[in-house]
Amino acid sequence: MEVANNLIGKVVDLVFGVVKQEIDYVRNCTENIDKLRNEAQKLNDMKGMVQQRINVAKDKGDRLLDGVQNWIEKAEAEVSKAGEFLEGEANAKKTCFNTRLCVNLGTLRHYSKMASSKTSTILQIHEDGKTYESCVSIPAPTPSIIDLYEAKNLDDINTHKFTLDEIIKALSDASIQIVGIFGLGGVGKTTLAKEVVAKVKNLFDDVVFITVSKTVDATKIQEQVRVAAKRIINGDKVLIVLDDIWEELLLSDVGIPCGNNHMNCKILLTSRSKNVCEAMNVHHNICVNTLTEDESWILFKRVVGEKIETDTSLKKIAKAVVQECGGLPLIIQVVGRALRSKSSPIWEATLDRLQKHAPLDIAPEIRKAFTHLKLSYEYLESEEAKSCFLLCSLFREDGTIPVTDLVSYGVGLGIFNNLDSIQDARNRVQIAVETLKSSFLLLPTEYIELVEMHDVVRDVALLIASKGKDNFSVNAGKRLREWKPTKNTSESYTKISLMYNKISELPDQDLQFPLLDTFIIRGNELSFVPDEFFRGMKEVKVLDLSYNQLSFLPQSMKLLKKLRMLDLTANYGINEISLLGELKDLEILMLGFTGIEQIPEEIGQLTSLRMLNLECCEFLSCITSGVISRLTCLEELYILNCGGDIAELSLVELSKLKSFRTLHLFVYNPGFFTQGTAELETLAGFYIQIGDRSHYVFSIQKSHIRRVLYIARVGNVFTDSVKKLIQVSESIVLESIEDINSILPGMYQENFNDLKSITLRGCHNVSCLVKTMDQDAMQIFGERETKEKFFAQMEEIILVDLQCLELLWDCPHQYISFGSLQTIKIKGCPSLVNLIPVATAQGLVNLSDIEIQDCDNLVVVISASDEHTTDGQIEQTDGTKTDADIVFSCLTRISLSGLSGLDSFYSGHSTIKYPSLKFIKVEGCLNMTRWGHGVHDIPNIKFHDQGRDCSINDIIANEASGEIEFGSLK
């Protein structure tokens, strides 16, 4: 009964509660409706305020907080629903009084209950919105260079496309952390860096692009990389691009983590200087080259529009304009934008100014582009490099520039402070040239003694040389037939270059050149110079009249009291030079290939003379006694291939000169050196030719080789005196010498420590370079093997037409070291069977070029003759076997031709790596069946056979003609 009562009580309470709630809905209807109306208004006000904040944030470009826009939409929907509800409630209220009471109560209950529910929803949304009352956004980062970059169309611009691929490949290499791209200003380095980022940014967690510029702001860079540095430390993969670096930048100083512990950080840097890249320990350097002529035209058309192709009258001018842009994308695009909407006369005027090297006289935007290149010059720290750069502008466009001319002009102009010697000047010029090449202000050629200057860079040099204290007048290589300077212009010139024209006469009038210090008229057709011509040039220090047709010197030349460099080379008609004795400041006198018959007594007055060149003066038979000894400052004398035997007299007098350092001479009789060789052995440089004078072969590509001995077609040459010369020579050329079968002991009594280059040509009795010594001598030498080995300093070996040559050395391999060898060229040696054993090949760390031709019996280039097993393993003293890898780290070129007996390049089984090899040629090697056993890793050359990838062994095995050529060398 009690349980029943409790149950009934609970039911009554429950029913009563429900009834009470329903009654409350009816009783509180007005209150609930008013509360809903108030809360809806509050929410609407909050929504409006948040919306205002959103509008302000959007105007500022800030990023909205997640959810704020969704909240606005919810709030707006609920406020709208509340409004509709309240409107419906008001309409219902108007009709309630016209119905029965029960209906009125039901309506009140419905609207009160709905109002209460909606109020709860609105209150929750209001509560959620409080998050956005004070903040609806976060500041958006400023768009980076990369965010704004629009990818360029590189179709048909293969120079850039291939470079881009190379950069991406380097960045993808796990072993490479720092990649450097360098090149001339305006060549497209920054554009390529941006292209790289656009293509690889999805491979990195973060990319930072920083423009460094000339003035380095380390604090700013630190701030830019601050977040990225944290991500690197945390293990994220990050790419940092450092654009436009002008000097070495220590990455640690600007907060960039790098090194083996942070290989997740990749760094791409751009610079105008290769030296800067090397100073920053770049792992992979990539040069950005100028565009080809076709690529330049394609780019130019994309700027000005394809209409240029259909306008035949304008197309010819446009092509010439593009040619003047020198393949530099910056100049091409700037010029194109400046001209694309201009009329033909403007195009013609612009072309005219560009061809006259006057870019400052044309459109401002073009002027700005040329000034961009001028920065490279202004940033040179060396005044000597700046001076050499400007001197290069005196030479003709698209021509080569002899480094020796920069030396002689520089000495004459006194651009070197505290000059020790002519050789010191050469060294300084070489440093300056390397600096300029590093900054792409000069370009290298295949000959170390010649450089080139890019056309646009030359324009910039002329632009610089026409401002300030200098005023160059350069009309080199323009095919001028006459030169008629005006009085107004002549008075302002400091340097005049008329080299390589067709000028046959100079003006015979009173012209004043009060500021002129350099006059160059080399390579013209002058047969005479008017007697009074030099009267108005009294400040001239450098005078170059070489390669003309002069037969006498004008009297006014003796008025040039400040002249320090005079070049009369290749004026074959000149035979009298007495008046030159008046030029007492002269330091360099070039008389080679002239018709002089004697050096007169007056030349002895040139007590400041440092260099005297008399090479190839075939009529010169007399140097007046005492003249040479009076030239107390003489450092260098060149008397090769002169007509008479004047060397002996000169040698005696040279021994009295304390400053003398360099001698080039020819003697026919080796007996000449019986006396006086002591002085020759102490010279810093010499080129001595003994025997046949019909071959003048002095052309040393390696500038550091300064002591050269050339012996040709003469017997009984190896006297004690000549052997002393041999001992101190750095380069030896022997041609058609029969009384020798080896260089040691045939020429050397002991090791050849100083020898860097050996050339043997037509020495038919030579069977090897180093011949086995007796056991006692070998034992004595063996005690010194850790200090000196044969060939240790050798850089170049050239062997041609040696009929009896069987091998390079006939002694134990441990006495051989080829650590310095760079080049080996062998031709026409039919008895040679193999070249280098594998044990010695492992030491070829600097070898760059192998060329072997017409050696019919050569079976293998690198032999496995010191391998004691047939499986390519070397047997150690303990009986174990190990693979012996070979790495040719510097080898770039291999050429094998006319080797009918060649079986393979390598006969062993070891792994050989060729990380730098770019060119392989095999021609006329019909017996060759394979490159070699084992693995041959050649990463820079891709071998294909019928469309599929393959190995070099596959190529050689399938090439029945015995002719293959892979790779290319620029």
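Residues numbered from 1 in each chain as written. Predicted model: local features only at pLDDT ≥ 70, side-chain atom pairs only at ≥ 80, totals over all residues. Heavy atoms only, no water.

- Named according to an unreviewed UniProt entry, the protein chain is NB-ARC domain-containing protein originating from Lactuca virosa.
- Quoted verbatim from the Sequence similarities (unreviewed entry) heading of the UniProt record, the comment on the protein chain is "Belongs to the disease resistance NB-LRR family." (UniProt positions renumbered as here; feature names shortened; annotations may be inferred.)

**Let's talk about the overall build of the protein chain**
- If you tally the helices and strands in the protein chain, you get 27 helices and 41 strands.
- Counting only residues that meet the buried cut, the protein chain has 50% of its 970 residues in that class.
- For the protein chain, contacts bridging at least 24 residues in sequence account for 67% of all contacts bridging at least 6.
- Put simply, the protein chain shows about 45400 Å² of open surface, and 48% of that area lies on carbon and sulfur atoms. (Helix = DSSP H or I, 4+ residues; strand = E, 2+ residues; numbered from the N terminus. Buried < 20%, exposed > 50% of the residue type's maximum accessible area, 1.4 Å probe, protein only. Contact = heavy atoms within 4.5 Å. Areas by Shrake-Rupley, 256 points an atom, 1.4 Å probe, with all protein chains shown as cover.)

**Remarks on the sheet that holds strand β8 (residues 401-402)**
- Overall, antiparallel pairing links the three strands, which are arranged β8-β10-β9 in an open sheet. At either end of the open sheet lies a strand with only one pairing partner, and these are β8 and β9 (443-444). (Pairing = 2+ DSSP bridges.)

**What to know about the sheet that holds strand β3 (residues 178-182)**
- Here we have five strands laid out as an open sheet, ordered β4-β5-β6-β3-β7, and parallel in their pairing. Two strands in the sheet have a free side with no partner beyond their single neighbour: β4 (206-213) and β7 (284-287). When the angles between neighbouring strand axes are averaged without regard to direction, this sheet yields 15 degrees.
- Where strand β5 (residues 238-245) meets strand β6 (residues 265-271), six bridges bridge the pair, whose relative direction is parallel. Bridge pairing links Val238 to Cys265 in β6.
- The sheet strands contacting helix α6 (residues 158-172) are β3, β5, β6 and β7, and the helix crosses β7 at an angle near 170 degrees.
- The sheet contacts of helix α8 (residues 218-233) involve β4, β5 and β6, and relative to β4 the element is tilted by about 155 degrees. (Axes fitted to C-alpha atoms, helices over the stretch in contact; angles between N-to-C directions.)

**A closer look at the pairing of strand β23 (residues 707-712)**
- The buried fraction of β23 amounts to six of the six residues, a majority that puts the element mostly inside the structure.
- Along β23, one buried face is formed by Arg707, Leu709 and Ile711 and the opposite face, lined by Val708, Tyr710 and Ala712, is buried too.
- As paired elements, β23 and strand β24 (residues 731-735) share five bridges and run parallel to each other. Each bridged residue has a counterpart across the sheet, and for Tyr710 the counterpart in β24 is Val733.

**Some remarks on empty space enclosed by the protein**
- On inspection of all chains with the given rule, the structure shows one cavity of 30 Å³ or more.
- There is about 30 Å³ of room inside the largest cavity.
- Surrounding the largest cavity, Ile824, Leu835, Ile836, Leu844, Leu847, Ile850, Val861 and Ile862 form its lining.
- For the lining of the largest cavity, the elements supplying multiple residues, two or more each, are β28 (834-837) and β30 (860-863).
- Residues of the lining of the largest cavity, tallied by class, amount to eight nonpolar, no polar and no charged. (1 Å grid on protein atoms, 1.4 Å probe; cavity = no way out; pocket = protein on both sides within 12 Å on 5 of 7 lines; lining within 4 Å. Points joined across faces, edges and corners; volume = space filled by probe spheres on them. Nonpolar A, V, L, I, M, F, W, Y, C, P; charged D, E, K, R; others polar.)

**Focus: the packing of aromatic side chains**
- Inspection of every chain in the model, using the stated rule, returns 15 aromatic pairs.
- Judged by centre distance (4.9 Å) and plane angle (40 degrees), the rings of Phe791 and Phe818 are tilted. In this pair, Phe791 is assigned in the loop between α25 (775-782) and β26 (796-800) and Phe818 in the loop between β26 and β27 (823-827), connecting sequence segments 27 residues apart. Across this residue pair, the class does not change: Phe791 and Phe818 are buried.
- One aromatic cluster is present, formed by Trp483, Phe513, Phe519, Phe533 and Phe534 through successive ring pairs. (Phe/Tyr/Trp six-rings, centres within 6.5 Å; stacked < 30°, edge-to-face > 60°.)

**Looking at the nonpolar core**
- Grouped together as the largest cluster of nonpolar side chains are 145 residues, with contacts concentrated most on Met557, Leu580, Leu614, Phe791, Phe905 and Trp931.
- For this core, the element with the most residues is helix α24 (residues 720-728), which contributes four residues.
- Not counting residues within four places of it along the chain, the set of residues in contact with Met557 comprises Phe534, Leu543, Leu545, Leu566, Leu579, Leu580 and Leu583.
- Listed in part, the 121 residues of the second largest apolar core include Phe209, Ile232, Ile245 and Leu268. (Core = buried A, V, L, I, M, F, W, Y, C linked by side-chain atoms within 4.5 Å.)

**Focus on unusual backbone geometry**
- In this structure, Phe440 takes a positive phi of about 65 degrees despite not being glycine.
- Relative to the assigned elements, Phe440 resides in the loop between α18 (422-438) and β9.
- At Tyr500, a position not held by glycine, the phi torsion is positive, near 60 degrees.
- Mapped onto the elements, Tyr500 comes out in the loop between β12 (495-497) and β13 (518-520).

**Let's talk about the side chain of Asn524**
- In this structure, Asn524 sits in the loop between β13 and β14 (542-544).
- Given a relative accessible area of 5%, Asn524 falls into the buried group.
- At 3.2 Å, the side chain of Asn524 and the backbone oxygen of Ile521 are in polar contact.
- Aside from chain neighbours lying at most four places away, what touches Asn524 is Leu498, Met499, Tyr500, Asn501, Lys502, Ile503, Tyr547 and Asn548. (Polar contact = N/O pair within 3.5 Å; in protein donor to acceptor, adjacent residues only side chain to side chain.)

**Notes on the packing of helix α16 (residues 383-392) against helix α17 (residues 403-413)**
- Across the interface, α16 lies against α17 with an axial gap of 11 Å and an inter-helix angle of 115 degrees. Taken as a pair, α16 and α17 cross one another with a handedness that is right-handed. Taken together, the residues of α17 that come into contact with α16 (itself represented by Cys388, Leu391 and Cys392) are Leu406, Tyr409, Gly410 and Leu413.
- Within the contact of α16 with α17, the residues separate by chemical class into six nonpolar, one polar and no charged. (Left-handed = near helix turned anticlockwise from the far one by under 90°.)

**Side note on the pairing of β5**
- The buried fraction of β5 is high, at seven of eight residues.
- Here β4 pairs with β5 via seven bridges, running parallel. Following the sheet pairing, Val207 is matched in β5 by Leu239.

**What about α17?**
- In terms of burial, α17 is a largely internal element, ten of the eleven residues being buried.
- What α17 keeps buried is the set Val403, Asp405, Leu406, Val407, Ser408, Tyr409, Gly410, Val411, Gly412 and Leu413.
- At the C-terminal side of α17, Gly414 shows a positive phi close to 70 degrees.

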